[in-house]
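Chain by chain, the residues run as shown.
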Amino acid sequence: MSTTLRRFGLIGKPLQHSLSPFIHERIMDAAGIKGEYKLYELGEGDLARELPKLLNELDGFNCTIPHKLQVRSFLKGLDSSAQLYGAVNTVYRGVGYNTDGFGFQSSCVPLRGKRVCLIGAGGVARVLAVEAARAGAREIVIRARRPERALELASLLAGLGFSQVKCLDFQARESGDVLLNGTPVGMWPDVGGLPVPAEELAGAAAVFDTIYNPTATRLVLKAKSKGLWARGGLKMLFAQAVAAQRIWHPELDFGLLQGELARIEQELAWEVLKRSPLKLVLSGFMGAGKTHVGGLLAQRLGIPFVDLDEAVTRRAQLSIAEIFSQLGEEGFRQLERECLEAELSSSGPLVLAAGGGAVVQGGAAQLIHDRGGLIIYLDVSLETALARCASGEGRPLLQKGREAAAALYAQRRPLYKAAADLWVDGNEQAAVVVDAILAAFELEV
Ligand code: S3P
C-alpha cells in the first residue's frame, strides 16, 4: 500500500445521493491504495472559483450534472473518449476523459444490426446513442420530450458518420428491437413510473435502463418477466467507476482484482436497496404462497413484513370469515383497501403480502404504483393453489366448491398478469421463489 494519501472526489450538484464515495473507497481499499473520495457540491456559478483549486489539490476527480460539458474549458486537453461524446466525467492531470461509454459497453447490450429505440436525449442518452452507433446498430430512433435535444443528438451522430436516425416525439408509439431508457422515469422514489407503456415491449428483444436505483426498474422487471434480455444501470455505474480508477492508477493491474471487484459490485446492489427502500407487494391467487414467500423475502432483505389479511383482521377485530359473514365481501374489500393504503403510506421498506383479491380490485394496482410500490405476481396452477388451501380455513371464497374456485381463478389470472411488474413461478418451493425475486433485482443468491 502506498503511504501518501491520494485524494479524489466528485464535483456536481446535487450530490447527496451519490454512491461514488461508497464505490471508489471500496475499490481503492481492495487495490491497496491509500485514498479518499469526497463530494464537492458545486453549482454552475462555482466552477470558475473552485475548479483551479481542485485541479491543483486533487489527484483526480469525476464530474457529473451540471458540469460534464462546462468543465472542458478549464482543462489542458481532452482524451479521445471525452471528444467522442463531447462530455467529461473523469479528470486526471488536467486532462478530461469519459468512462461512461465504457460503463455502457460493460453491460453488453445486444446492439449490432438492431433497430434501437432510445428514450430521452439528455446527457446519458448521448452516450447510449453514440455507443449504439459505434456498435453497429441498424437504425436509431430517438424519442425525446424536447425535440431540439433529439435533433442535436442526431447531428452528433451524423458527425460520427451515422445517419440512420429518426427523431420522434416522446409519445410516438414507434419501438425497436432494443429499447434503451435514458430518462429518469422509474427512478426511486417514483418507482411506479414507466418510460413507455408496457405494450411496447411486445416487439422488443432487449431492454436496457440506465437507472440503477432501484437495481431493476419497473421497465426492467416487466421485460424480464416477458423473457426479454434486460439489464439495469448498476453495472454501467460500477464499470465507469472502475475505469476512472484505472485512469488514476495506471501503474496498477486491475485485472488481478476481478474477484474483489465482483464482490464490491454485489455489495453495491445491497447498498442501493438500503439507501432507497422499496415496497414490494406480493400478489397471486389464494394458495400462491404470498405469506410464506413474503416472510422469507423480508427476512432475506432484512426489512419488515406485513400480511394484509392480518392487518385487516387487526383493524376489524374480526376474523376474515367473520368479516365476510357480517359485512359481506364489499365490507371486506373496503377494509382491505384502507389497510393497503395505510401500509403503502408508511415510511421505510416493506414486503407486503396482499390478499388474493387485493391487487385485482379496480384502481389498486394504480394506487400501489403511485405510492412507489412494485407488484410481484406469484403465478400458481389451480391444482397447486387448491392443494395448498385444502383445509379451506379462513378463505370464505373457497367454500363454494371447486367449480366456483376455478371460475374465480380463470377470471383473475389475466388481471394478476396485467398488474404484475415481476412474474415468478409460485409453484416452486418458497426458497426458490425468493431466490428468483432476489435475482431479478440483481441481488446475489
Ligand atoms: C381473498 C384471499 C384471501 C383473503 C380473503 C379474500 C381473495 O387471502 O384476503 O379470503 O379474494 O382471493 P389469501 O390469498 O392470502 O388467502
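Above this text is the structure in question.
So, here is what we can say about the structure in this document. (Residues numbered from 1 in each chain as written. Predicted model: local features only at pLDDT ≥ 70, side-chain atom pairs only at ≥ 80, totals over all residues. Heavy atoms only, no water.)

Considerations on the sheet that holds strand E9 (residues 165-169)
This is how the line gets drawn: Pairing between strands requires that DSSP locate at least two bridges from one strand to the other. Only DSSP runs of H or I with at least four residues qualify as helices, and only runs of E with at least two residues qualify as strands; both kinds are numbered from the N terminus onward. For helices, the fitted line uses only the C-alpha atoms of the stretch in contact; every axis is such a line through C-alpha atoms, and the angle between N-to-C directions lies from 0 to 180 degrees. Contact between two residues is taken to exist if any of their heavy atoms lie within 4.5 Å; hydrogens are not considered.
Pairing is parallel across the open sheet formed by six strands, whose spatial order is E9-E8-E7-E10-E11-E12. The open sheet terminates on both sides in strands that have one partner only, identified here as E9 and strand E12 (229-231). Taken over all neighbouring pairs, the strand axes of this sheet differ in orientation by 15° on average, direction set aside. Helix H5 (residues 123-134) rests against strand E7 (115-119), strand E8 (139-144), strand E10 (178-181) and strand E11 (206-209) of the sheet, and its axis sits at about 170° to E7. Its contacts with the sheet place helix H6 (residues 147-159) against E7, E8 and E9, and it is angled at close to 155° to E8.

So, the site of the ligand
Our working definition: Definition of nearness: a residue and a molecule or strand are near each other if at least one heavy atom of the residue lies within 4 Å of the molecule or strand. The definition of a polar contact used here is a pair of N or O atoms within 3.5 Å, where within protein one atom must be able to donate a hydrogen and the other to accept one, and adjacent residues in sequence count solely through side-chain atom pairs. Amino acids are sorted into nonpolar (Ala, Val, Leu, Ile, Met, Phe, Trp, Tyr, Cys and Pro), charged (Asp, Glu, Lys and Arg) and polar (every other residue, Gly among them).
The environment of the ligand is formed by 15 residues, the closest being Lys290, Asp309, Arg333, Arg395 and Arg412. Contact distances for the ligand include 2.6 Å between an oxygen atom and a side-chain N or O atom of Arg395. Of the residues forming the shell around the ligand, the biggest block, four residues, is contributed by helix H12 (residues 320-345). Residue classes in the shell around the ligand are distributed as five nonpolar, four polar and six charged.

Topic: the side chain of Ser175
Summarising the element assignment, Ser175 is placed in the loop between E9 and E10. The residues touching Ser175, leaving out its near neighbours within four places in the chain, are Arg115, Cys117, Arg143 and Glu200.

Observations concerning unusual backbone geometry
We count it as follows: For each residue, the accessible area found with a 1.4 Å probe, counting protein chains only, is set against the maximum for its type, and the residue is called buried under 20%, exposed over 50%, and partly exposed in between.
Look at the link from Lys13 to Pro14: it is a cis peptide, with omega at 0°. Structurally, Pro14 can be placed in the loop between strand E1 (6-12) and helix H1 (20-31). Cis rather than trans, the peptide bond between Asn213 and Pro214 has omega equal to 15°. Relative to the assigned elements, Pro214 resides in the loop between E11 and helix H7 (218-225). Positioned with a positive phi, Arg93 is a non-glycine residue whose angle comes to about 50°. Mapped onto the elements, Arg93 comes out in the loop between strand E5 (90-92) and strand E6 (95-97). Residue Arg93 is classed as exposed on the basis of its relative accessible area of 61%. A positive phi angle is found at Glu442, which is not glycine, with a value near 65°. Within the secondary structure, Glu442 sits in the segment after helix H16 (430-440).

Let's talk about the pattern of salt bridges
Spelled out, the test is: By convention in these notes, a salt bridge is any Lys or Arg side-chain nitrogen within 4 Å of a carboxyl oxygen on Asp or Glu.
The final tally for this structure, using the stated rule, is 30 salt bridges. Between Arg173 and Glu200 there is a salt bridge; the shortest N-O distance is 2.9 Å. Of this pair, Arg173 sits in the loop between E9 and E10 while Glu200 is found in the loop between E10 and E11, placing the two residues 27 residues apart along the sequence. Measuring nitrogen to oxygen at the nearest pair gives 3.1 Å for the salt bridge that ties Lys224 to Glu442. Pair noted here: Lys224 is in helix H7 and Glu442 is in the segment after H16, with a separation of 218 residues, a long-range link. By sharing partners, the salt bridges in this structure join Arg26, Glu260, Arg263 and Glu267 into a single network.

Just distances and angles here, no functional claims.
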